Amino acid sequence: MRIDPVENVALIVGFRPDGGTATTDLMRPFVRGHYTSATDTGQACRCHAAEADLHAAGIVSVMHGGAVPLDYFKSQLRGKTKQLRGHYITYAPDAEDPLPKWLGWFLADGAARFFPVEVVQEARDPLDDLGDAWPTRSVRSKHVGVVGVGSIGSAAADGLAGYGIGSIHLIDFDRLEQHNLPRHVLTARDIGRRKTHAMADHLHRQHPHLTATPHDLDIVHDADAVRDLLPHWDAVVVATDGVESRLAANWLAVHARIPATFACVLEDGALGEIVRSLPGEGCLICNRAGLRERGTWDPEPGIDLDYGTGVAHRPMTAVGADLAYVGRLAAKTAVATDLERYGYRDQRIDGNHAAVGLRPARSYTPPFDDLHHGDTRWTRFDRRPDCHVCATTP
């Protein structure tokens, strides 16, 4: 066992049957990655089969002093027992829910006091616990791309993984720098790494069952390479900072005929925005042209006015938690869009443009008017026959 005496946590990393040799695999991913890897390893307990009544008595004992008599403890063990002392783990094969099959015990002063034991199933997908509450099997088969793995994109990728997307493709050519840390999912351990590779490792650690594939590509200069990827995806989330990269992603998604979800913040982080570009229903260019036609505000040019690096001449304006909020809303939007296409009506979104109030200090022109903190307003725009992107869709 590895034992942390401060937290009173022990991780069993190996066992030795009576008369046998020790069986230990310290290189298994879970064992290697658990925080007790920094603690000492030593022999610490015995394991013994027991009757289910012992586990029932252990649970009930919490209400009556938290212990069972040592004689009773011994009588409930199956088979021969050696001198009882120290720590024991008992396995009760006949125990039925809600009784645990495994319990730990500390033996002292003529009594046995139990402590909980969790058997970690390393190959288990945590989303399986949701059962019918979420269409896990459906989303697990999906391939979704994330273009731009910065503050919003990293949160979107994290959100997609949390919804159970089985394959996530990460597109970015940038590296993680220290000024990214206040608003990024990644931490200082990855400074200097390509964001795509570091994010793929992060997703694998959090969700071992998904496939995260890094692509060190520039959506503008490597458009030909990205174009070959999109037809294999079910959807794409675009979270780049620049207008040029957003327009390139829009063109590629429209011509690949896959849904695209564009996520950004506006007005130094006062507003968030989600735009859904759906096949045959209008794209980012259609949305912007419609805003200009109605005489309202076209926010697209301002997206190139970055929200700062945190240095004196470019102070940071958008708080990281708000950027993550928009990123996770983009992930939810992308997943809901795909599920609705396959008959999940509870995922329906009434609109393809969302304005999000983050910290609006004044009212903007529609559809960004009169938003309060936390408000999300969905509206609809239509495909325009004069759109130079949609009009050339094959």
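Residues numbered from 1 in each chain as written. Predicted model: local features only at pLDDT ≥ 70, side-chain atom pairs only at ≥ 80, totals over all residues. Heavy atoms only, no water.

Looking only at helices and strands, one finds ten helices and 17 strands in the protein chain. Since a compact globule built from 394 residues should have a radius of gyration of about 21 Å, the 27 Å found for the protein chain marks it as more spread out than a globular shape. Seen through its C-alpha atoms, the protein chain measures out along the principal axes to roughly 85 × 45 × 45 Å. Across the 394 residues that make up the protein chain, the buried fraction comes to 46%. (Helix = DSSP H or I, 4+ residues; strand = E, 2+ residues; numbered from the N terminus. Rg over C-alpha atoms; globule rule 2.2 N^0.38 Å. Buried < 20%, exposed > 50% of the residue type's maximum accessible area, 1.4 Å probe, protein only.)

It is worth spelling out a positive patch on the surface at this point. Taken together, Arg 16, Arg 46, Lys 82 and Arg 85 make up a surface patch of like positive charges. Structurally, Arg 85 can be placed in the loop between α3 (70-75) and β7 (86-91). (Patch = residues over 30% accessible without salt bridge, like charges linked within 9 Å, V, L, I, M, F, W, Y side chains within 5 Å. Areas by Shrake-Rupley, 256 points an atom, 1.4 Å probe, with all protein chains shown as cover. Salt bridge = Lys/Arg side-chain N within 4 Å of Asp/Glu carboxyl O. Lys, Arg positive; Asp, Glu negative; His and termini not counted. Charge placed at Lys NZ, Arg CZ, Asp CG, Glu CD.)

Attention shifts here to the pattern of salt bridges. Enumeration over the complete set of coordinates arrives at 23 salt bridges. Residue Lys 142 is joined to Asp 338 by a salt bridge in which the shortest nitrogen-to-oxygen separation is 3.3 Å. Linking Lys 142 in the loop between α4 (136-140) and β10 (143-147) with Asp 338 in helix α10 (residues 320-341), this pair joins segments that are 196 residues apart in sequence. For Lys 142, a relative accessible area of 10% gives the class buried. Classification of Asp 338 by relative accessible area gives buried; the value is 7%. Within the structure, one salt-bridge network assembled from shared partners comprises Arg 246, Glu 273, Arg 288, Arg 292, Asp 298 and Glu 300.

Let's shift gears to the packing of helix α5 (residues 151-162) against helix α6 (residues 195-206). Direction vectors running N to C along α5 and α6 enclose 30°, while the axes themselves pass 11 Å from each other. Looking at the two axes, α5 sits roughly parallel to α6. Taken as a pair, α5 and α6 cross one another with a handedness that is right-handed. Of the residues in α6, those touching α5 at Ser 154, Ala 157, Asp 158 and Ala 161 are Met 199, His 202 and Leu 203. Its residues placed into classes, the contact of α5 with α6 shows four nonpolar, two polar and one charged. (Axes fitted to C-alpha atoms, helices over the stretch in contact; angles between N-to-C directions. Parallel < 35°, antiparallel > 145°, perpendicular 65-115°, else oblique. Left-handed = near helix turned anticlockwise from the far one by under 90°. Contact = heavy atoms within 4.5 Å. Nonpolar A, V, L, I, M, F, W, Y, C, P; charged D, E, K, R; others polar.)

Omega for the bond connecting Asp 97 with Pro 98 falls within 30 degrees of zero, at 15°, which places this linkage in the cis form. Counting through the fold element by element, Pro 98 comes out in the loop between β7 and β8 (102-108). The phi dihedral of Glu 267 falls on the positive side, at around 50°, and the residue is not glycine.

A few words now on helix α2 (residues 52-61). Those residues of α2 that fall on the buried side of the exposure criterion are Ala 52, Leu 54, His 55, Gly 58 and Ser 61. Close packing links the buried residues of α2 with β6 (68-69), α3, β7, β8 and β9 (111-116).

Moving on: the sheet that holds strand β13 (residues 235-238). Read across the sheet, eight strands follow the order β12-β11-β10-β13-β14-β15-β16-β17 without closing on themselves; strand pairing throughout is mixed. The sheet is open, and its two borders are formed by β12 (211-215) and β17 (376-379), each paired with just one other strand. Between one strand axis and the next, the sheet turns through 15° on average, direction left out of account. Summarising the sheet, β13 and strand β14 (residues 260-266) pair through three bridges and their orientation is parallel. Residue pairing in the sheet places Val 237 in a bridge with Thr 261 of β14. Sheet contacts for α10: β13, β14, β15 (271-277), β16 (353-357) and β17; angle to β15, the most-contacted strand, approximately 20°. (Pairing = 2+ DSSP bridges.)

Moving on, we get to the nonpolar core. Within the largest apolar cluster, 39 residues are counted, with the highest numbers of intra-cluster contacts made by Leu 160, Ile 168, Leu 170 and Leu 203. Elements supplying a minimum of two residues to this core: β10, α5, β11 (167-171), α6, β13, β14, α10 and β16. Looking at which element gives the most residues to this core, the answer is α10, with eight residues. Val 226, Leu 229, Val 238 and Leu 252 belong to the second-largest nonpolar core, a separate cluster that totals 27 residues. (Core = buried A, V, L, I, M, F, W, Y, C linked by side-chain atoms within 4.5 Å.)

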